[in-house]
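Close look at the chain arrangement
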Amino acid sequence: MSTEGPPPPAAPRGRPGCLLVPARTKTAVALLYDEESENAYDVRLKLTKEVLTIQKQDVICVGGSHQDRNHRTVTLRRQAVGGLGLSIKGGSEHNVPVVISKIFKDQAADQTGMLFVGDAVLQVNGINVENATHEEVVHLLRNAGNEVTITVEYLREAPAFLKLPLGSPGPSSDHSSGASSPLFDSGLHLNGNSSNTAPSSPSSPIAKDPRYEKRWLDTLSVPLSMARISRYKAGAEKLRWNAFEVLALDGVSSGILRFYTAQDGADWLRAVSANIRELTLQNMKMANKCCSPSDQVVHMGWVNEKLQGADSSQTFRPKFLALKGPSFYVFSTPPVSTFDWVRAERTYHLCEVLFKVHKFWLAEDCWLQANLYLGLQDFDFEDQRPYCFSVMAGHGKSHVFNVELGSELAVWEKSFQRATFMEVQRTGSRTYMCSWQGEMLCFTVDFAMGFTCFESKTKNVLWRFKFSQLKGSSDDGKTRVKLLFQNLDTKQIETKELEFQDLTAVLHCVHSFIAAKVASVDPGFVDSQSLATKYMYSS
């Protein structure tokens with residue numbers, strides 16, 4: 001995105017230089033968490049520059065005559081060595097179906113080519129076992145004779161606590177002796193109880209039999225353009241560790257994605273955020289083609305706003321912010337057309353707002369990593385969310401926002417400085433009506449000349465000082481302010497008292513002009529905001 005005007009101030013020292021990792025593609029296995037059932041299911045994630053795709057495993061017919069679309073009926077011939085060649089887990093006593101948890105290579109179940117790890121057992125020799133206990137199914141399979149017919153259906157959402165491996169076959173283990181547990185493998189790869197111990201022929205498929213494969217299939221696509229990410233449970237302050245949710249502009253949700261390690265979760269959070277950011281930049285470029293050079297979009301994106309007057313639950317709600325031309329916008333949903341810019345919930349003049357980062361924070365996601373690895377659980381925060389900033393406006397209005405990553409906080413801080421700097425350069429000066437001792441006056445903040453106070457009717461200049469002469473200020477928090485200037489000739493401090501209708505907006509404007517002036521004199525001076533604050537709020 002190209003913009004006109006002087007170069008913006010440099011980024012603050014100690015903040016990340018590379019604010020977001022480059023957009024990229026990724027593929028990995030994760031868990032899809034269901035908050036209602038509190039179960040998690042294996043899924044595969046495919047990240048591209050524009051879409052996050054959720055895949056689930058399923059068994060599909062790839063050849064031969066088709067049976068029922070979902071159910072498969074398979075006849076197994078018990079082998080002298082290896083038995084049925086499978087193990088099972090689950091049972092109705094734990095509110096989960098009985099599923100095949102292992103298939104042993106080159107044994108009876110494997111030779112059929114029609115059974116897979118994750119298949120739920122529905123029938124054994126025509127007997128329905130969907131509501132059977134683990135022991136009941138084990139007993140049926142072991143005492144079914146040399147030829148066993150089972151009907152199965154692949155369980156696409158197998159609860160993670162069953163700990164089914166993602167592939168088949170797995171390493172063999174013998175749990176056939178003794179009492180079996182529904183959450184441990186009950187091996188059925190031994191002979192079992194059979195009156196006929198003669199070896200039986202293999203359960204090999206024939207040409208006309210259907211052929212099946214287990215594959216990852218696309219089940220949901222989440223477009224990333226204008227999407228947002230949330231690591232917090234809706235309506236609560238509880239952080240989902242190693243988990244987040246991606247919500248598209250059209251309302252499509254990825255569901256809660258959980259990762260096996262903190263590093264995996266952090267990597268995916270940064271990768272998805274980077275791709276969303278890249279698409280946002282493209283949208284900004286498109287929007288700026290329709291805007292004048294003085295009304296360009298500098299930055300925009302999703303944040304979470306703390307509800308005003310919220311109780312100790314510290315409830316936040318999603319908002320979409322934009323820095324465009326002279327204004328700071330607050331939206332409930334992103335502007336997708338030129339006409340949408342007029343429907344902002346709030347609009348503030350950039351020169352009259354004050355941006356403030358809350359407390360201390362670390363680059364990227366070190367804060368989260370410190371909590372994970374050092375076991376730190378409690379922080380002395382006014383806000384329970386670490387990456388917060390405030391935007392304070394006129395008449396005492398203020399907003400508290402939160403972002404998901406430290407890198408995003410750094411982008412917002414840099415963007416506010418840049419947008420304010422550009423607006424100060426464009427406008428050059430701002431004038432406010434004021435009074436003192438019943439006389440109506442005008443107070444001008446000028447980027448080139450500094451501060452000027454003159455009579456509103458005659459335009460007669462009463463006093464003028466440069467920015468460098470301002471040594472401090474104090475106010476009553478309502479309407480009156482004292483500005484302390486140093487006389488260049490006498491070196492004495494002169495106090496000028498004024499009264500404004502909206503004192504907060506005036507002080508913020510003075511702050512913005514001082515910060516822009518410092519940055520323009522020394523672009524390498526990175527703490528112009530702090531210096532402006534020192535001038536404005538010391539007495």
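Identification of the chain as Syntrophin gamma 2 from Macaca mulatta is taken from an unreviewed UniProt entry. In its Sequence similarities (unreviewed entry) section, UniProt records this for the chain: "Belongs to the syntrophin family."

This paragraph deals with helix H5 (residues 406-427). When the terminal C-alpha atoms of H5 are compared, their 32 Å separation across 22 residues agrees well with the 32 Å that a helix rising 1.5 Å per residue should span. Burial runs high along H5: 16 of the 22 residues are buried. Looking at the residues trailing H5, positive phi occurs at Gly428, about 80 degrees.

By secondary structure assignment, the location of Pro223 is in strand E11 (residues 211-223). Note on Pro223: relative accessible area 33%, which makes it partly exposed. On a C-alpha basis, the gap between Pro223 and Asp250 in space is 8.6 Å, while along the polypeptide they are 27 residues apart. Once residues lying within four places of it in the same chain are set aside, the contact partners of Pro223 are Glu50, Ala248 and Asp250.

What follows concerns the nonpolar core. If you look at the biggest cluster of nonpolar residues, it comprises 30 residues, and the most contacted ones within it are Phe443, Phe451, Trp463, Leu498, Phe500, Val510 and Phe513. Those elements that provide at least two residues to this core are H5, strand E22 (429-436), strand E23 (439-446), strand E24 (450-455), strand E25 (461-465), strand E27 (480-486), strand E28 (493-500) and helix H6 (503-521). Discounting residues that sit within four places of it in the chain, Phe451 has contacts with Phe443, Thr444, Val445, Trp463, Arg464, Phe465, Lys466, Phe467, Leu470, Phe485, Val510 and Ile514. Ala109, Val129, Val137 and Val152 belong to the second-largest nonpolar core, a separate cluster that totals 27 residues.

Turning our attention to unusual backbone geometry. Positive phi, close to 65 degrees, is recorded for Met226, a residue that is not glycine. Here Met226 is to be found in the loop between E11 and strand E12 (228-230). Positive phi is not limited to glycine here, since Asn242 has a value of about 55 degrees. Take Asn242: it is sitting in the loop between E12 and strand E13 (243-247). With relative accessibility at 25%, the residue Asn242 sits in the partly exposed group.

Take the packing of aromatic side chains next. Tallying each qualifying case throughout the model produces 22 aromatic pairs. The interplanar angle of 25 degrees and the centroid separation of 6.1 Å between the aromatic rings of Phe259 and Trp268 together place this pair among those described as stacked. Summarising the burial analysis for this pair, Phe259 and Trp268 share the class buried. Through successive ring pairs, a cluster of aromatic residues spans Phe328, Tyr348, Phe355, Phe389, Phe401, Trp412 and Phe416. Positioned above the aromatic ring of Trp341, the side-chain terminus of Lys324 is 5.1 Å from the ring centre.

Moving on, we get to empty space enclosed by the protein. The gaps of empty space that remain are located by a probe, the size of a water molecule, rolled over the atoms. Taken as a whole, this structure holds five cavities of 30 Å³ or more when the rule is applied. As a volume, the largest cavity reaches approximately 310 Å³. Taken together, 20 residues make up the lining of the largest cavity; nearest its centre are Ala227, Ile276, Gly301, Trp302 and Glu408. Elements supplying a minimum of two residues to the lining of the largest cavity: E12, helix H3 (262-288), strand E15 (297-306) and H5. Counting residues per element, the lining of the largest cavity draws most heavily on E15, at six residues.

For the rest of this paragraph, the subject is the pairing of E23. Counting buried positions along E23 gives six out of eight residues, so the element sits mostly inside the fold. Both E22 and E23 contribute to a ladder of eight bridges, which runs antiparallel. Its bridge partner lying in E23, Ser435 is registered against Met440. Connecting E22 to the next strand, E23, in antiparallel fashion are two residues, including Gln437 with a positive phi near 55 degrees. The pairing of E23 with E24 spans six bridges and is antiparallel. Counterpart to Cys442 in the pairing with E24 is Phe454. Linking E23 back to E24 in an antiparallel pair, the connection comprises three residues.

Conventions used here
- Residues numbered from 1 in each chain as written.
- Predicted model: local features only at pLDDT ≥ 70, side-chain atom pairs only at ≥ 80, totals over all residues.
- Heavy atoms only, no water.
- UniProt positions renumbered as here; feature names shortened; annotations may be inferred.
- Helix = DSSP H or I, 4+ residues; strand = E, 2+ residues; numbered from the N terminus.
- Expected span 1.5 Å × (residues − 1).
- Buried < 20%, exposed > 50% of the residue type's maximum accessible area, 1.4 Å probe, protein only.
- Contact = heavy atoms within 4.5 Å.
- Core = buried A, V, L, I, M, F, W, Y, C linked by side-chain atoms within 4.5 Å.
- Phe/Tyr/Trp six-rings, centres within 6.5 Å; stacked < 30°, edge-to-face > 60°.
- Lys NZ or Arg CZ within 6 Å of the ring centre and 35° of its normal.
- 1 Å grid on protein atoms, 1.4 Å probe; cavity = no way out; pocket = protein on both sides within 12 Å on 5 of 7 lines; lining within 4 Å.
- Points joined across faces, edges and corners; volume = space filled by probe spheres on them.
- Pairing = 2+ DSSP bridges.

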